[in-house]
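# Structural characterization, general
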Amino acid sequence: MTERTHRIEDGRIDTVAVHAGAPRPRIHGAVVPPIFQSTVFETPDEVASYDDIVYPRLNNLPNHQALGKKIAALEAAEAGLVFGSGMAAISTALLAVVGKGGHLLAQEQLYGGTRTFVEMLDRWGVEYDFIDADDPRSWDAKLRPNTRAIYVESIANPLVEIADHRAVVDFAKARRLVSMIDNTFATPVNFRPLKLGYDLALHSCTKYMNGHSDIVAGAVAGSSRAVREILLLLNHLGGSLDPHACFLLDRGLKTLPLRVRRQNENALALARHLSAHPAIAAVHYPGLESHPRHDRARELFSGFGGMLACELAGGEEAAEQFVRRLEMITYGPSLGGVETLVTRPAVTSHAGLAPAEREALGITGGLLRVSVGIEAIEDILADFGFSRFGEKNQS
Ligand code: PLP
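Residues numbered from 1 in each chain as written. Predicted model: local features only at pLDDT ≥ 70, side-chain atom pairs only at ≥ 80, totals over all residues. Heavy atoms only, no water.

### Some thoughts on the site of the ligand
Surveying the vicinity of the ligand reveals 13 residues, the closest of which are Met87, Asp182, Ser204, Thr206 and Lys207. Contact distances for the ligand include 2.9 Å between an oxygen atom and a backbone N or O atom of glycine 86. Residue lysine 207 places a side-chain N or O atom 2.8 Å away from an oxygen atom belonging to the ligand. When the free accessible area of the ligand is taken as 390 Å², the share hidden by the protein chains comes to 88%. Ranked by residue count, the leading element in the shell around the ligand is helix α3 (residues 86-97), at 3 residues. Here the shell around the ligand is composed, by residue class, of 6 nonpolar, 5 polar and 2 charged. (Near = heavy atom within 4 Å. Polar contact = N/O pair within 3.5 Å; in protein donor to acceptor, adjacent residues only side chain to side chain. Areas by Shrake-Rupley, 256 points an atom, 1.4 Å probe, with all protein chains shown as cover. Helix = DSSP H or I, 4+ residues; strand = E, 2+ residues; numbered from the N terminus. Nonpolar A, V, L, I, M, F, W, Y, C, P; charged D, E, K, R; others polar.)

### Focus: the packing of aromatic side chains
Scanning all chains against the criterion turns up 6 aromatic pairs. Centroid distance tryptophan 139 to phenylalanine 171: 5.4 Å. Interplanar angle 80 degrees. Geometry classified as edge-to-face. Remark: phenylalanine 171 occurs in helix α5 (residues 165-174) and tryptophan 139 occurs in the loop between β3 (127-131) and β4 (147-153); sequence separation between them is 32 residues. Just as tryptophan 139 is buried, phenylalanine 171 falls in that class too. Cation over ring: arginine 115 sits above phenylalanine 130, and NZ or CZ is 4.1 Å from the ring centre. (Phe/Tyr/Trp six-rings, centres within 6.5 Å; stacked < 30°, edge-to-face > 60°. Buried < 20%, exposed > 50% of the residue type's maximum accessible area, 1.4 Å probe, protein only. Lys NZ or Arg CZ within 6 Å of the ring centre and 35° of its normal.)

### Considering the packing of helix α9 (residues 243-254) against helix α10 (residues 256-275)
Across the interface, α9 lies against α10 with an axial gap of 5 Å and an inter-helix angle of 55 degrees. In terms of orientation, α9 and α10 fall into the oblique class. On α10, the residues that touch Gly252, Leu253 and Lys254 of α9 are Leu256, Pro257 and Arg259. Looking at side-chain class alone, the contact of α9 with α10 contains 3 nonpolar, 1 polar and 2 charged residues. (Axes fitted to C-alpha atoms, helices over the stretch in contact; angles between N-to-C directions. Parallel < 35°, antiparallel > 145°, perpendicular 65-115°, else oblique. Contact = heavy atoms within 4.5 Å.)

### Some points on the pairing of strand β1 (residues 79-83)
Among the 5 residues of β1, 5 are classified as buried, and the element is accordingly described as predominantly covered. By the alternation rule, side chains of β1 split into Ala79, Leu81 and Phe83 and Gly80 and Val82, which are all buried. Judged from the 5 bridges that link them, β1 and strand β7 (residues 218-222) form a sheet pairing that is antiparallel. Each residue of the ladder has a partner; that of alanine 79, found in β7, is glycine 222. (Pairing = 2+ DSSP bridges.)

### Considerations on the confidence of the model for the chain
When pLDDT is low, close inspection of the predicted coordinates is not appropriate. When the pLDDT values of the chain are averaged, the result is 94; 96% of them are 70 or greater. Across residues 387-395, where pLDDT falls below 50, the model places 24 contacts with residues more than four positions away in sequence or in other chains. (pLDDT = per-residue confidence, 0-100.)

### Quick notes on the sheet that holds strand β8 (residues 280-284)
Here 5 strands make up an open sheet; going across it, the order is β8-β9-β12-β11-β10 and the pairing mixed. Whereas interior strands pair on both sides, the edge strands pair on one side only; in this sheet they are β8 and β10 (330-331). Sheet strands in contact with α10 are β8, β9 (307-312) and β12 (367-371), and its direction is about 15 degrees off that of β9. Strands in contact with helix α12 (residues 315-324) are β9, β10, β11 (341-343) and β12; relative to β9, the strand with the most contacts, it is inclined by about 125 degrees.

### Looking at the nonpolar core
Membership of the largest hydrophobic core comes to 83 residues, with the highest contact counts inside it found for Ile150, Leu249, Leu270, Leu308 and Phe384. Tallying contributions element by element places α10 first for this core, with 7 residues. Grouped together as the second largest cluster of nonpolar side chains are 29 residues, Ala88, Ile90, Val126 and Ala149 included. (Core = buried A, V, L, I, M, F, W, Y, C linked by side-chain atoms within 4.5 Å.)

### Thoughts on the pattern of salt bridges
One pass over the full model with this rule turns up 14 salt bridges. With its nearest N and O atoms 2.8 Å apart, the salt bridge here joins lysine 70 to aspartate 250. One end of the pair, lysine 70, is in helix α2 (residues 62-74); the other, aspartate 250, is in helix α9, and 180 residues separate them in sequence. For aspartate 250, a relative accessible area of 16% gives the class buried. Between aspartate 129 and arginine 144 there is a salt bridge, with the nearest N and O atoms lying 2.9 Å from each other. Of this pair, aspartate 129 sits in strand β3 while arginine 144 sits in the loop between β3 and β4, placing them 15 residues apart in sequence. Salt bridges sharing partners connect three or more residues here, namely Asp134, Asp164, Arg293 and Arg296. (Salt bridge = Lys/Arg side-chain N within 4 Å of Asp/Glu carboxyl O.)

### Section: the packing of α2 against α9
Two elements in contact, α2 and α9, have axes separated by 9 Å at closest approach and are oriented at 30 degrees. In terms of orientation, α2 lies roughly parallel with respect to α9. Seen from above, α2 lies across α9 with left-handed handedness. Between α2 and α9, the residues in contact are Asn63, His64, Leu67, Lys70, Ile71 and Leu74 and Pro243, Cys246, Leu249, Asp250, Leu253 and Lys254, respectively. When grouped by side-chain class, the residues that make up the contact of α2 with α9 number 7 nonpolar, 2 polar and 3 charged. (Left-handed = near helix turned anticlockwise from the far one by under 90°.)

### Some points on the sheet that holds strand β6 (residues 200-204)
Strand order in the open sheet formed by 7 strands is β1-β7-β6-β5-β4-β2-β3, and the pairing between neighbours is mixed. A strand with exactly one partner marks an edge of an open sheet, and here the two such strands are β1 and β3. Direction aside, neighbouring strands of the sheet carry axes that sit 20 degrees apart on average. Pairing of strand β2 (residues 103-107) with β4, which is carried by 4 bridges, proceeds in the parallel orientation. What sits directly across from leucine 105, in β4, is isoleucine 150. Helix-sheet contacts for α5 involve β2, β4 and β5 (178-182), and the interaxial angle to β4 is about 170 degrees.

Okay, structure coming up:
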């Protein structure tokens, strides 16, 4: 093999997604690294610590290491780490970063599972406050002497709101906090938060990173020191990724830029069509000029993402009829796969809230959340019924 003239890890994201982290020299010449489907490995001559024993829970199989490097390169980080789910990544990272006696500032509109976990943190001696991530002037009032971290999402669910990311980074630096961002919705193809100054990027790789709706996985990327601290806790909490799932995630990541760009295009086209349709009362998509943070999204992101939400003029009844009449598109939760999915947040992700609380957040009975896939846009539009959408809701 000839000497490389540049590091693949520092290159263009399409090349990084295919090649970064792959073991060199190739194992037995294999272009696709083998799955290390073994739980027992011979003891090496020198084992400095428990964490050096080769064992799948200790996240040190070649499959884990290759993926960690690829995710680090995708997020422009020094180091990366994979987990058995997005929640394993989030819970382990929060406990490692904030810890007993610490205080966390967390965005109000978090993914429900994360929000519930934050509300449980006092069991481990961690305090928290929720903040309006779009109102930096309100943050100082919530700051405490023991505040250690600020936690936000790149694009929040389901109304695709965009936090004041520059202000989060500046605030964290000025007050010596660790800034953490769940980058699941934007993906590193559309937004690389560490380049803006965030300390840690987290993912539910179940979604776009894998992209094929067939595994549950998570990831964290950041400085080598921070990732090492999180790894030592992960090794004991045990939310490690199975080697077969590592193989699937690595395969999925190779097409991440292709998939996400297509999803960006399809979502923008769908959002434009929906905005022009009389049966639709409102469309929430950062790529539309009508989105309240469109300018921020244009400045920070290289694409507006595959997630949008829309409100049917006919309310709850029209929304229920609409989802039951879909043919190609699946009415089901989750997001980020190659197939288009539609959910009704009022009866799924936000069903646990009181109706008044839901309304206050803008989550009405007529709201649909769409995870736009990579299908031909004509077929997505056809299933949305642009030739018969009105009939779908009137009949
Ligand atoms: N973060 C976001 C933004 C999510 O949407 C989800 C799941 O829906 C998670 C984290 C949790 O990920 P997982 O289901 O892989 O544990």
